[in-house]
Each structure stands twice: as structure tokens, then as C-alpha cells.
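Summary of structural features
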Amino acid sequence: MEKVLDIQNLHAAFSIQKKDYEVLHDISFSINRNETVCVVGESGCGKSVTTLCIMQLLPKNGKIQSGSIYVDGTDLTKLSKKEVRKFRGKKMGMIFQEPMTALNPLLTIGFQLRENIINHRGASKKEANAIAIEYLKKVGIANPEQRLKQYPFQLSGGLRQRVLIAMVLSAQPDLLIADEPTTALDVTIQKQVLSLLNDLKKDMNAGILFITHDLGVVAEIADRVVVLYAGRKVEEGTTHQIFKNPLHPYTIGLMNAVPNVDLDEFEIRPIPGTFPNITEKIDGCRFNPRCPHASSCPKCFETAPEMIEAEPGHFVACHLKK
Ligand code: SF4
């Protein structure tokens, strides 16, 4: 299978008061064409930092310390800023949680779509207009000719997200990165956008990296799942493996924290304790202060667990799974 994204041994840090704090530790995973990989975890686990590393958009105090990020066979960590900018527009597209961060409120939808298509596909203005209409239709927008004349503020949140998806896809990226793209939408629109992304994945022959904290969304859209905790990958597997047989105590905790409406009594079991901040030093496994099994295993407080393959394609980093 052809990999569109291949991250190998990625380490990244933020500098706070002249001291480096690691925010990603030895992250590796890949995405094939026509595959959606969801990266999940609580806020601060490293999901968004991973996307910023891929897009090479880390803030000034952030840096990639080591590792590689291959997109379509090119290691982005070896490119200059100018080369990355060119590459980003052509090969990668990003859908944000709030589409207004990517759409210019002062320009019509049509102008923005056409400019993007002209820049990335070298189309004429007339061709760009036809492609813009084609992509607005693809994302299920009625009367696309009329929509092209409107400004972003004239559209609902769901429509703006569809326009942004049309804009990103019209550049024909190989890798689509979606960072919590449905969080700001109501449930019905959320479902529509997810099913749209599912359909478009087949259509566009791309890979999708989907960042979310919502396991309901994961179940609907993911082929494979990567679970991050405090900047480390703790589990990876197919969606079926992760939901049917979660192995890491943190993944099990995430599952238990989802409201179970099948039970007679509505039940939510949140993960105890608080998420560590990046300046906090924890020896051994980073999850040990919150793990219900840590007290039975002295190694949990001494060494960080290695990632092992528990079953074909299903990986976990936990001393108790060896
Ligand atoms: Fe819990 Fe220990 Fe496994 Fe970490 S290594 S998840 S502390 S049992």
C-alpha cells in the first residue's frame, strides 16, 4: 500500500523561559491512500502539535528536535521554509475546527475558491470557476453559482465548513488533515460532514489524518486509530481492535468516559486525576499517576514502557501487556 504520510520517531519541544520541554516523544505512524487515521486523546496530549509539525506551522517557541515526516516520499523536515510552503499548498490540505480561520471574511466564496484553484492547479479563471462549481456540488451545496457570489458571513457554520472542504479538496491534496472539523457544528450537521468526508476519501484517492477527542466520531470515520497520552503514542490499531479490545489503561479510560446510553442508568466514568502539564516530571510511565494498575507493578514508576505488537497490527505501550 502506498503511504501518503509516514512519521518516524518524531520528537518536538516547546521552549518556556529558555528551557526546552518535550511535547512529542518518539511518535511514529503512517497513513495509506484511501485510509482515515484518527489521532485521539485529551486536550494537551499532542494531537494538534502533531498536525502543526506536519504542516510546519509550529509557533516560534516550538521546534522539531529529531525524526522525519514523509509526505508522498518527501521528508518535510529537510525542506526550506519556502519549499515547505509550496509543498503544503500542493500536497496537503487542512480543515480547521472553525472555518472562519481559513476563509477571508472580506472576499467572496467564489474569489477565494478560484484563487486557490488557479494557484494550485494552474487553471485559467474560467476553468477555475467551473472547478469551483464542481467542488461545491461535490460537497452537497445547492445553487453553487449563487453561493460563489456570497461572503462567508452569509453562510451558516455547516455551509462554511463545506465550502472550506471544497476549497481544500479542489487543490487535489494527497493528504488531508482535519483538526476537530466537526466540534463546532451541531450533531446533525456533524453527521453530514463526516459522511461527506467518508465519501470524498474514496473519490479523491487521498489519505486523511483526523484529529478528535470524540470517540463517537472515531467510530464513524476511522480505519485505524492512534491514541496519544502526554505526547507519547500509547496504543495503535484498527478501529475494530481499539473498540473491541482496547489494551492500554488510558484507552480503556477514554472508552469508559463515553456516556453509556444502553445502560438503565446513564453512566459516565471519567478518568481519575488530572492531565500532566508539559513542565511536570514523571518517572517511568507518564500515565502512572492516573493508572488503576500502577500500584501492582514497580516498573511503572521506574521505566517508560516500550511499544510492543500485542496482535498483528495492534500495538501498545504498557508494562502489564508484555
Ligand atoms: Fe499503567 Fe503501568 Fe501500564 Fe503505565 S505501564 S499504563 S502505569 S500499568
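A few points on the structure. All residue numbers here refer to positions counted from 1 along the written sequence of the relevant chain. Given that this is a predicted model, residues contribute local features only at a pLDDT of at least 70 and side-chain atom pairs are listed and counted only at 80 or more, while totals for whole chains, interfaces and linings are drawn from all residues. For side-chain calculations, the full set of non-hydrogen atoms in the structure is used, while hydrogens and water are omitted.

**Looking at a positive patch on the surface**
Convention followed: A residue counts toward a patch only above 30% relative accessible area and without a salt bridge, and it is joined to like-charged neighbours within 9 Å or, for Val, Leu, Ile, Met, Phe, Trp and Tyr, to nonpolar neighbours within 5 Å. Accessible surface area values rest on a Shrake-Rupley calculation with a 1.4 Å probe, where residue burial reflects the displayed protein chains alone. Only one rule defines a salt bridge in this text: a Lys or Arg side-chain nitrogen within 4 Å of an Asp or Glu carboxyl oxygen. In this tally Asp and Glu are treated as negative and Lys and Arg as positive; neither His nor the chain ends contributes. A charged residue contributes its charge at one atom only: NZ of Lys, CZ of Arg, CG of Asp or CD of Glu. Secondary structure counts use DSSP, requiring at least four H or I residues in a row for a helix and at least two E residues in a row for a strand, with both numbered from the N terminus. We call a residue buried when its accessible area falls under 20% of the maximum for its residue type, exposed when it is over 50%, and partly exposed in between, using a 1.4 Å probe and counting protein chains only.
On the surface, Lys60, Lys81, Lys82, Arg85, Lys86 and Lys90 cluster together to form a positively charged patch. For Arg85, the location among the structural elements is in helix H2 (residues 81-91). Classification of Arg85 by relative accessible area gives exposed; the value is 52%.

**Quick look at the pairing of strand E10 (residues 232-238)**
Rule in force here: Each pair of strands is called paired provided DSSP finds at least two bridges between the two strands.
Across the seven residues of E10, five count as buried, placing the element largely inside the fold. Where strand E9 (residues 224-229) and E10 come together, six bridges link them in antiparallel fashion. Across the sheet, the residue bridging to Tyr229 is Arg232, located in E10. As consecutive antiparallel partners, E9 and E10 are separated by two residues, and within that stretch Ala230 has a phi angle of approximately 45°, a positive value. In the sheet, E10 pairs with strand E12 (residues 314-316) via two bridges, with the strands oriented antiparallel. Note on E12: the bridge partner recorded for Glu236 is Phe315.

**With respect to empty space enclosed by the protein**
To be explicit about the condition: A pocket, in this scheme, is an open set of points on a 1 Å grid over the protein atoms alone with protein on both sides within 12 Å along at least 5 of 7 lines, while a cavity is a set where a 1.4 Å probe fits but cannot get out; residues line either one if an atom lies within 4 Å of a point. Grid points are joined across faces, edges and corners, and a volume is the space filled by probe spheres set on the points. Under the scheme applied, nonpolar residues are Ala, Val, Leu, Ile, Met, Phe, Trp, Tyr, Cys and Pro; charged residues are Asp, Glu, Lys and Arg; polar residues are all the others, including Gly.
Using the criterion set out here, one finds one cavity of 30 Å³ or more in the structure. Within this model, the largest cavity holds a volume of roughly 90 Å³. Forming the walls of the largest cavity are 14 residues, and the residues nearest its centre are Pro249, Cys285, Cys291, Cys300 and Cys318. Its residues placed into classes, the lining of the largest cavity shows ten nonpolar, four polar and no charged.

**Thoughts on the packing of helix H3 (residues 109-121) against helix H6 (residues 157-170)**
Spelled out, the test is: Structural elements are reduced to axes, namely lines fitted to C-alpha atoms, with helices fitted over the stretch in contact, and the angle between N-to-C directions of any two is expressed from 0 to 180 degrees. The cut-offs work like this: below 35 degrees is roughly parallel, past 145 is roughly antiparallel, 65 to 115 is roughly perpendicular, and the gaps in between are oblique. For any pair of crossing helices, the crossing counts as left-handed if the nearer helix is rotated counterclockwise from the farther one by less than a right angle, and right-handed if it is rotated clockwise. When checking whether two residues touch, look at their non-hydrogen atoms; a contact exists if any pair is within 4.5 Å.
At a closest axis distance of 9 Å, the pairing of H3 and H6 adopts a crossing angle of 20°. On the basis of the axis angle, H3 is roughly parallel to H6. Both H3 and H6 take part in a crossing whose hand is right-handed. In this structure, H3 uses Ile109, Gln112, Leu113, Asn116, Ile117 and Arg121 to contact H6, whose residues at the interface are Val163, Ala166, Met167 and Ser170. Here the residues of the contact of H3 with H6 are counted per class, giving six nonpolar, three polar and one charged.

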